[in-house]
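A closer look at the structure
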Amino acid sequence: MKQDDLHSPSLCGYLNFFHVLGEMESQNLISLQEKKIVKQKLTVKDPSLLVLLSKQHDDNQMKEMLLSYISQLQMTRCKSQTQELSPSRKQEGQILTQTVKMIDQLIKQLNSMFQNQHQQMTEEFRDKIQKLRGLLYQIDYQEEIDLTTTQQLQQIYQLIKQRYSRYMNSLLLLMDEKVEPKDIQEFLKTFLNQLIGCTSYGYIIIKDEVVSLHRDEKYEQLDLNEQCKRELQNLTDITEIQQLESLRKYFRNGEYILKLSNTQFFTMQLDQDFTQFVMLATKYKYLDSIIDLAQFVIYTEQQIKVQYFSILSIGDTVLEIGLEIVRCSKYLLIEQILSIINGQYQILQINEYQPHLVTFKFKDSQSQNLFTTDMDLKKPQDLLIYNQVNQQYQRYQQFIKQCYERMSFYKYFLRSKSLFMIDFDKQGRLRFLSKALPQKIKQQFNIDKTQIDLTYKQIFHSNQSMIQTIETYISNSKWKLNQQEDESNKTFEIFIRKEEKQFKGFTLIVSENDWVRRKAQPPNAGNLVRQQLLQTETMDYIKKLEEFNPDIRNSVVAMYMPQIQEFNPVQQQSQKTPTLVFRKIKKDQVVGKNSFLFKQREEEKKSMKVNPNKFNESHLIVKEQDIILDSLDFNIHEINNLIEKQRLVWSILARGNFIQMFGIPQEKLVNFLNEMETQYNMNNNPYHNYDHGIAVMQAVNCFVKQLLQHLGEHLFNNTTRFCLLLSGLCHDVAHTGKTNAYEANSLSTLAIRYHDRVVLEQHHAATTVKILRDSSTNILCNFSDQDFRSFRKQLISNILATDMQEHFKMLKELESRIEQYGNDPEDLSLLCGMITHTADFNGTARKWPQSQLWSEKINQEYRAQYEDEGKKGYPQQPFMKDLDKLHVMSKNEMGFIKVIVRPLYYQMNVFGKGAFQICVNNLDETILEWDKLYQKGIQELEQQEQQQKQESK
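Cut-offs and rules
Residues numbered from 1 in each chain as written. Predicted model: local features only at pLDDT ≥ 70, side-chain atom pairs only at ≥ 80, totals over all residues. Heavy atoms only, no water. Helix = DSSP H or I, 4+ residues; strand = E, 2+ residues; numbered from the N terminus. Buried < 20%, exposed > 50% of the residue type's maximum accessible area, 1.4 Å probe, protein only. Contact = heavy atoms within 4.5 Å. Areas by Shrake-Rupley, 256 points an atom, 1.4 Å probe, with all protein chains shown as cover. Phe/Tyr/Trp six-rings, centres within 6.5 Å; stacked < 30°, edge-to-face > 60°. Lys NZ or Arg CZ within 6 Å of the ring centre and 35° of its normal. Polar contact = N/O pair within 3.5 Å; in protein donor to acceptor, adjacent residues only side chain to side chain. Pairing = 2+ DSSP bridges. Disulfide = S-S within 2.5 Å. Axes fitted to C-alpha atoms, helices over the stretch in contact; angles between N-to-C directions. Parallel < 35°, antiparallel > 145°, perpendicular 65-115°, else oblique. Left-handed = near helix turned anticlockwise from the far one by under 90°. Nonpolar A, V, L, I, M, F, W, Y, C, P; charged D, E, K, R; others polar. Core = buried A, V, L, I, M, F, W, Y, C linked by side-chain atoms within 4.5 Å. Patch = residues over 30% accessible without salt bridge, like charges linked within 9 Å, V, L, I, M, F, W, Y side chains within 5 Å. Salt bridge = Lys/Arg side-chain N within 4 Å of Asp/Glu carboxyl O. Lys, Arg positive; Asp, Glu negative; His and termini not counted. Charge placed at Lys NZ, Arg CZ, Asp CG, Glu CD. Expected span 1.5 Å × (residues − 1). pLDDT = per-residue confidence, 0-100.

Broken down by element type, the protein chain carries 34 helices and 13 strands. Each of the 953 residues in the protein chain was classed as buried or not, and the buried ones make up 49%. Considering only residue pairs separated by 6 or more positions, the protein chain has 69% of its internal contacts joining residues 24 or more positions apart. Accessible surface, the protein chain as shown: approximately 49,800 Å² in total, 47% of it carbon and sulfur.

Here is the structure:
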């Protein structure tokens, strides 16, 4: 073994060295200057320092050794100064030091000589000596100014670099399995503070002539006059708000406002140290980057209110926007450099490079040529500062380049579903985590917590074998991990990062997906494998949804969860046998030729000609205003006339040319619609009535038209379009006004008939087919037997697709087929089912005033069922409790839209390439409106509690 190898530092020694050195500075055991000199000694491979790092030491031993090493260094001003100088410069410094010492000795000798000879030094001799000393000290003092300047340049470089190198670390705030809105808001504050020094923020929205201020999670409507609105519209740059007279009373001193658009403005309280960076945006033309950052913050804050959050949805954007701000931070460095050297030199700007001038050229898209007329590079001190400025800027450019490289590396793992990256810097501190570690991995590696700046020793505190493995690996000169030679048993990988042969940290990569290591072979049948994978993905999605939202099982979302039957003998024994209570079916609820309704309808047909108040063929007219039927602005609640409602249903079919296309007899169609209306309204349901059927049919009409417009006319043929419209109209016919759970718990006739499985949906489909079989209401009478069977199959499939417990499975299936959607009959069947299912929620997806009314109607049914269940002793649904209270109903609606409705419309919008964007926007607005009502309800509740306390006193 070579002698040099005996004292070569291990990578583990490097890691411990940087960690301890950083701690010593933070504990004020050493100064920043001393820390830099020690790092410089390591760079030049000081033998005594290499010996120290070649052996393993604990933190306390390393601190003592480093303190001893630093004390042995000659930390005089002259030596620290000469470290930055050229050989000639070092020699000059040594001469000056020797000259000062020589004069001191000369004075002492002269004093001694005069004392021995009892003679005094003449005043003239004394003055000359003092002038010489003063001159030399003046030269030395000038050198101290040079040292102060270089130190200032180094300090500002370190300050800016440290601030912007940590922006990626802010993502660690989101790396928790249970991220709540408050966590995301805290992340946004940290993100803004690290990038632009913003300590607090808000935003102003102008919508429908209403000006609202959103700040500190609160909403406030501003009473602004036209003059103030004009002031806002005329903003062209970042402006201090105190300059806007009409806005002063709403904001504090030191707050600034930035115009993002004509309807959106961003406000921010800035850290005084970094106000300069934001104000330089116009000069250096990066204002658009600040605007992108502000828009991202506003968008994210709005999105966490309308949907459950996933780090994957913004991870890429965080890295990209952050890196753009980091790129722009070099302009702050330029300005800070100029402010330091402007005290000694006059800096001017020129358009083109001129070789005869001393020029600082900062190369990039916003190139500047700055020159000075009073800097002489022949002078050592001027040359020192000139070289220092160029060196600092080049180093910062290199730092930005490294950030770009790291971002590309991080992005890959952000998008990976099964790989998790844990990245550590050269001090062993956590600086990036690709996503929240699942409980399975935490248990496997005994990981307690993952927080910013925790070291690998702290993270794996309970796993000493892992710590030893890491240190063994990074200390190995060949950088190979002997314990991981067996690829089949590999559970993690370690990668060492080097830059210019210098150790910069390491990365630990672990995998959650162990399916590839299973010995059992998967089934050969392709469809079976696909179904199994789809089912697994669906259940994983639901499981994570429940992990992030523990209360979800007690909300309305529970109705959409697949029922998983697990045998529990203890629970089975403890359950009482339910009492069989059969619901009585009234005579007007029986469907068929022998039914009371059928006989009543026969009587009505005979008197139809003398009953002008009943919908008949004379009302079949298409009107000009029927164009509203192609828009979600249509509101069925604005129509009180039943005949007009029936006419609108007929108009949808007539305007689509389906009546003529399929030879539908007008009389049979009138009878069919009258029967539908009767079956829907026989229970007087607040929500599940004929209005709902018409609204769903009209929504299907809008959705189909939008999909054909965005994806092409080839998407559906005429039969499929007609089937979709009919499915929408009939999907809830003869609804009992109760849920499937109620039907099963009450042992109703329907539940017994359909074995508790998809009770109501099967009932709706069967009722529809029965009505179509009747000769007087058979609007498909001109279909061939084969066409009727095909039509009936798709009709039933569409109606059954509204089964709540199929929601998540259908959603995941559509997501998996978006890119590969083709002419497969299964694809078409899935899409038709999704359209019907999506249209079933059309009330929620309409504009706020109407969506609120639909929600109130369904909650009326829920309240009535909860009360009925209580009276009859049936199991009560938790989410139906206290729906008469504003804050309870509001919270319930927000959760329902976030978890069920919005993801459904979002996925359909992705498939339709923007066809459902209006609905998604409406849903976002609706969630915000429910949030306002929720806050209002909470305030009213708190006021009531305070009032009760006061009354009790």
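Still more to cover.
For the coordinates displayed, the defined rule picks out 32 aromatic pairs. Aromatic side chains Phe191 and Phe296 sit 6.2 Å apart centroid to centroid with 75° between the ring planes, which places their arrangement in the edge-to-face category. Placement of Phe191 in helix 9 (residues 181-196) and of Phe296 in helix 12 (residues 287-306) is noted, with a sequence separation of 105 residues between them. Each member of the pair, Phe191 as well as Phe296, carries the same accessibility label: buried. Through a chain of ring-to-ring contacts, the aromatic side chains of Tyr164, Phe277, Tyr284, Tyr286 and Tyr331 assemble into a single cluster. A cation sits over an aromatic face here: Lys435 above Phe420, 5.0 Å from the ring centre. The ring of Tyr742 has Lys738 sitting right over it, with the charged end atom 5.5 Å from the ring centre.

Before going further, it helps to examine unusual backbone geometry. One can expect most non-glycine residues to show negative phi and most peptide bonds to be in trans. Unlike most non-glycine residues, Lys285 shows phi in positive territory, near 60°. Within the fold, Lys285 resides in the loop between helix 11 (275-279) and helix 12. On the basis of relative accessible area, Lys285 is assigned to the exposed category, the value being 64%. Although it is not a glycine, Leu747 adopts a positive phi angle of roughly 50°. Structurally, the position occupied by Leu747 is in the loop between helix 26 (740-745) and helix 27 (749-753). On the accessibility criterion, Leu747 (19% relative accessible area) is buried.

As a further point, take the side chain of Gln698. Here Gln698 lies in helix 24 (residues 690-711). A distance of 2.7 Å separates the side chain of Gln698 from the side chain of Arg846, its partner in a polar contact. Those residues in contact with Gln698, other than ones at most four positions away along the chain, are Ile628, Leu629, Asp630, Ser631, Leu632, Phe634, Ile652 and Arg846.

In terms of burial, strand 1 (residues 198-207) is a largely internal element, eight of the ten residues being buried. Relative to strand 6 (residues 264-270), strand 1 is paired through seven bridges, and the arrangement is antiparallel. Among the inter-strand pairings, Gly202 is bridged to a residue of strand 6, identified as Thr267. Pairing of strand 1 with strand 2 (residues 210-215), which is carried by six bridges, proceeds in the antiparallel orientation. Each bridged residue has a counterpart across the sheet, and for Gly202 the counterpart in strand 2 is Arg215. Taking the residues between adjacent antiparallel strands as the criterion, strand 1 and strand 2 are bridged by two residues, where Asp208 takes a positive phi near 55°.

Structurally, a disulfide amounts to a covalent bond that connects the sulfur atoms of two cysteines. Evaluation of the coordinates by the stated rule reveals zero disulfides. Cys832 takes part in no disulfide bond, and the closest cysteine sulfur to it belongs to Cys723, at a distance of 6.9 Å. Taking the relative accessible area as the measure of exposure, Cys832 reaches 0% and is therefore buried. Between Cys919, a free cysteine, and Cys702, which holds the nearest cysteine sulfur, the sulfur-to-sulfur gap is 8.3 Å. Classification of Cys919 by relative accessible area gives buried; the value is 3%.

Our focus in this paragraph is the packing of helix 30 (residues 807-817) against helix 33 (residues 886-911). The contact between helix 30 and helix 33 brings their axes to 10 Å, and the two run at 25°. In terms of axis orientation, helix 30 runs roughly parallel to helix 33. The way helix 30 lies across helix 33 gives a crossing that is left-handed. Here helix 30 contributes His807, Phe808, Leu811, Leu814 and Glu815 to the contact with helix 33, which in turn contributes Val899, Ile900, Pro903, Leu904, Gln907, Met908 and Phe911. Here the residues of the contact of helix 30 with helix 33 sort into nine nonpolar, two polar and one charged.

Here we take up the nonpolar core. The biggest cluster of nonpolar side chains holds 110 residues, and the ones touching the most others in it are Ile196 and Phe460. Among the elements that make up this core, the one with the highest residue count is helix 13 (residues 311-341) (16 residues). With near-sequence residues (within four places) excluded, Phe460 lies in contact with Phe424, Phe445, Ile447, Met466, Ile467, Ile470 and Leu508. One finds Cys730, Phe783, Met908 and Val920 within the second-largest nonpolar core, a separate group that totals 96 residues.

Counting buried positions along strand 6 yields seven of seven residues, so the element is predominantly enclosed. Bridge analysis of strand 5 (residues 255-261) against strand 6 gives six bridges, and the strand direction is antiparallel. The partner of Ser261 across the bridge, within strand 6, is Gln264. Between the antiparallel neighbours strand 5 and strand 6 lie two residues.

Residues Arg753, Lys770, Arg773 and Arg792 make up a contiguous surface patch of positive charge. By secondary structure assignment, the location of Arg753 is in helix 27. Given the relative accessible area of 44%, Arg753 is considered partly exposed.

The relative placement of two packed helices comes down to the angle between their axes together with the axis-to-axis distance. Following both chains from N to C, one finds helix 25 (residues 718-730) and helix 29 (residues 785-800) inclined at 45°, their axes separated by 9 Å at the closest point. In terms of axis orientation, helix 25 runs oblique to helix 29. Once helix 25 is placed against helix 29, the crossing between them reads as right-handed. Contacts between helix 25 and helix 29 involve Thr719, Phe722, Cys723, Leu724, Leu726, Ser727 and Cys730 from the first element and Phe791, Gln794, Leu795, Asn798 and Ile799 from the second. Residue composition of the contact of helix 25 with helix 29, grouped by class: eight nonpolar, four polar and no charged.

Strand order across the open sheet formed by six strands is 3-2-1-6-5-4, with antiparallel pairing between neighbours. Whereas interior strands pair on both sides, the edge strands pair on one side only; in this sheet they are strand 3 (218-222) and strand 4 (239-240). Most of the contacts of helix 12 go to strand 5, to which it runs at about 85°, and overall it touches strand 1, strand 5 and strand 6.

Next up on the list: the environment of Leu928. If you trace the backbone, Leu928 turns up in helix 34 (residues 917-952). Taking C-alpha positions, Leu928 is 7.1 Å from Val306, a pair spaced 622 residues apart along the chain. If we ignore the near neighbours within four places in the chain, the residues touching Leu928 are Lys305 and Val306.

Attention now moves to helix 9. In a regular helix each residue adds 1.5 Å, so 16 residues correspond to 22 Å; helix 9 covers 22 Å between its end C-alpha atoms and thus fits that length. By the burial criterion, the buried members of helix 9 are Ile184, Gln185, Phe187, Leu188, Phe191, Leu192, Gln194, Leu195 and Ile196. Directly after helix 9, the chain includes Gly197, whose backbone phi takes a positive value near 70°.

Attention now moves to the side chain of Arg817. One can find Arg817 in helix 30. A distance of 3.3 Å separates the side chain of Arg817 from the side chain of Glu826, its partner in a polar contact.

Here the structure, examined in full by the defined rule, presents 23 salt bridges. Across the salt bridge formed by Asp425 and Arg429, the nearest N and O atoms sit 3.1 Å from each other. With a relative accessible area of 25%, Arg429 lands in the partly exposed category. The salt bridge involving Glu815 is made with Lys812; its shortest N-O contact spans 3.3 Å.

Once that is clear, we can look at the confidence of the model for the protein chain. On average, residues of the protein chain score 79 in pLDDT, and 76% of them reach the 70 mark or higher. Taken together, the stretch residues 564-598 has pLDDT below 50 and engages in 38 contacts with residues farther than four places along the chain or on a different chain. Across residues 604-610, where pLDDT falls below 50, the model places seven contacts with residues more than four positions away in sequence or in other chains.

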